[in-house]
Amino acid sequence: MMTIETDDQPSPERLPDDRNWIGSTGLDRRKLLVSGAFAAGFAAACHPVSSSAVQTSGDGLKEEQVSIPAHDGFAMPAFCARPAAAKNAPVICVVHEIFGVHEWIRDICRRFARQGYHAVAPDLFARHGDATKIADFKQLIDMIVSKAPDDQVLSDIDATYDWAGSHGGDASRRGITGFCWGGRIVWLYAAHSAKLDAGVAFYGRLVNDKTALQPLRPIDQAAALKAPVLGQYGALDKGIPVADVEAMRAALKAADKSPPDDITLYPQADHGFMADYRPSYNEAAATAAWSATLDWFGRYVKGGEAS
């Protein structure tokens, strides 16, 4: 039986982020044919780009690169997409992977905008460098990802909602979603903000090593959750073993958070199963997870239900 540690020591069964992303992508350059202008918007670590990558039409949408004033005065870059004709659309904050705000994250914003949301993806790494320009996974984590403090990230998301509320969005209705690194942030933000209505966390770590800058772990925050979170995970994920998922389910149940908080485990899905630009993409799991995401936000964010 696999034993998963829940103290500050890493489990040998839980791969670190850099090895987990490399192992789950299954890159085969002979089969990945997309390049040129389309691929140019992806992060360096995302090349080559899979032919399964989705391109969402921007027709009827307003898209813009913006600057959000953070609470410490930093001008934080962000991408925003919203319905061109709609006013006061509910706000969804899209939290990026370790690769920053690249083309796939922008496309996720377009997908939400086409569903009637004011979607904003802040670059939460911008203070520390441009994650889209680094191709080496370990270098990316060591130089940028590990440098982003939890308190800075949570404050920057607060600022993102403040900005959206003063730029056409309805910030009284707030959702957050995130992928990989961003999935962990979703859990943390749901414990941080009483103004949040709902979150959807895609394969974000539940048990992570604590550091001085990143001392928080989702499993330790279960009792503090202030909004319902839907976790979406892959059973084949070697960086987030099934035992971690079960431990989080138990923590939510013990804290009397489940329901409404819930976790779906897709049996044939690996880490990054939503990422249609990579070979880790699992179309069946991604389709089901996207439908569940829209249902979750429709119930708790668009419906205006209090968390």
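Residues numbered from 1 in each chain as written. Predicted model: local features only at pLDDT ≥ 70, side-chain atom pairs only at ≥ 80, totals over all residues. Heavy atoms only, no water.

Trainee: Before we move on, can you summarise the packing of aromatic side chains with the specific residues and values?
Mentor: One pass over the full model with this rule turns up 17 aromatic pairs. With a centroid separation of 5.8 Å and an interplanar angle of 80°, the aromatic rings of Phe99 and Phe137 are classed as edge-to-face. With a gap of 38 residues between them, Phe99 in the loop between β3 (89-95) and α2 (103-113) and Phe137 in helix α3 (residues 137-143) connect regions that are remote in the sequence. This pair shows no difference in class: Phe99 is buried, exactly as Phe137 is. Note on Phe179 and Phe202: the rings are 4.8 Å apart at their centroids and 20° apart in plane angle, and the pair reads as stacked. Taken as a pair, Phe179 in strand β5 (residues 169-179) and Phe202 in strand β6 (residues 198-202) lie far apart in primary sequence, 23 residues in all. Taking the relative accessible area as the measure of exposure, Phe179 reaches 1% and is therefore buried. Each member of the aromatic cluster is reached from another via a ring pair, and the members are Phe42, Trp104, Phe179, Phe202, Tyr203, Tyr266, Phe273 and Tyr277. (Phe/Tyr/Trp six-rings, centres within 6.5 Å; stacked < 30°, edge-to-face > 60°. Helix = DSSP H or I, 4+ residues; strand = E, 2+ residues; numbered from the N terminus. Buried < 20%, exposed > 50% of the residue type's maximum accessible area, 1.4 Å probe, protein only.)

Trainee: Outline the pairing of strand β7 (residues 229-234), listing residues and values.
Mentor: For β7, the tally of buried residues reaches 6 of 6 residues, placing the bulk of the element in the interior. Neither face of β7 is open: one carries Val229, Gly231 and Tyr233, the other Leu230, Gln232 and Gly234, and all of them are buried. Sheet topology places β6 next to β7; 4 bridges connect them, and they run parallel. Residue pairing in the sheet places Phe202 in a bridge with Gln232 of β7. Note that β7 and strand β8 (residues 262-266) share 5 bridges and pair parallel. In the sheet register, Gly234 faces β8, and the bridge partner there is Tyr266. Note that the unit made of β7, helix α6 (residues 242-254) and β8 has a crossover that is right-handed. (Pairing = 2+ DSSP bridges. Right-handed = clockwise from strand over helix to strand, strands pointing away.)

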